[in-house]
Amino acid sequence: MARARSEERRAEILRAALEVIAERGYRGASLASVAERVGLTQQGLLHYFPTKEALLVAVLEERDQWDTGGAGLSPEAWRLDLMASLVDYNAMRPGVVQTFSALLGESVTDEHPAKEFFTQRYALVREGMAGALRTEYGDRLPGGLTPEQAAPLLVAVMDGLQYQWLLDPGSVDMPGAFRDFLSLLRPTP
């Protein structure tokens, strides 16, 4: 019972941290503001997450679990039909996409606490997408690229569409544009 309550509290903290980061950015978010949101002292929050950096990485890892229905970044998370569904899902939650995008942008700076997370995450995502493309098309896509050549392009399309959609959601149909891109991968009749 105590373990279940601890897990519930941890999940509550992660949701609150995501909200605070969405509102203030990582640099503007404080452990005290997250603790206050969940009714803890900062010391109480440190029981669950010993540093702000540990909390940030836990939020990012949890987001990947939410996005993939618990599959995380495992190979089964990267089927092309599931990628299109993920883009649909993201279009319904701009705050989460905005937070992720802002943290990604911040993470390219030296010594950012999420830099290693994103570097490793993108390696896994490219690998997973290459596997999904290989499952769908074999060793060569219809245009002649290998799955490993096409995977970073697929990631770039997904992330680039997110940024365009965040900046001008009325002009960019993120799910529709992603499906249009997937149609470019199919063989021509």
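Residues numbered from 1 in each chain as written. Predicted model: local features only at pLDDT ≥ 70, side-chain atom pairs only at ≥ 80, totals over all residues. Heavy atoms only, no water.

Student: Describe the packing of aromatic side chains, listing the residues and the values that go with them.
Tutor: Counted by the stated rule, this structure contains two aromatic pairs. Through successive ring pairs, a cluster of aromatic residues spans Phe-100, Phe-117 and Phe-118. (Phe/Tyr/Trp six-rings, centres within 6.5 Å; stacked < 30°, edge-to-face > 60°.)

Student: So what about the environment of Leu-166? Which residues, and what values?
Tutor: Along the chain, the position of Leu-166 falls in helix 8 (residues 147-167). Between the C-alpha atom of Leu-166 and that of Glu-19, which follows or precedes it by 147 residues, the distance is 17 Å. The contact partners of Leu-166, leaving out residues within four places of it in the chain, are Pro-94, Val-97, Gln-98 and Ser-101. (Helix = DSSP H or I, 4+ residues; strand = E, 2+ residues; numbered from the N terminus. Contact = heavy atoms within 4.5 Å.)

Student: Could you give an account of the packing of helix 6 (residues 94-107) against helix 7 (residues 115-137), naming the residues involved and the relevant values?
Tutor: At a minimum axis distance of 9 Å, the contact between helix 6 and helix 7 shows a crossing angle of 105°. As the angle between them shows, helix 6 and helix 7 are arranged roughly perpendicular. Here Phe-100, Leu-103, Leu-104 and Ser-107 of helix 6 lie close against helix 7, whose contacting residues are Lys-115, Phe-118, Arg-121 and Tyr-122. Split into classes, the residues belonging to the contact of helix 6 with helix 7 amount to five nonpolar, one polar and two charged. (Axes fitted to C-alpha atoms, helices over the stretch in contact; angles between N-to-C directions. Parallel < 35°, antiparallel > 145°, perpendicular 65-115°, else oblique. Nonpolar A, V, L, I, M, F, W, Y, C, P; charged D, E, K, R; others polar.)

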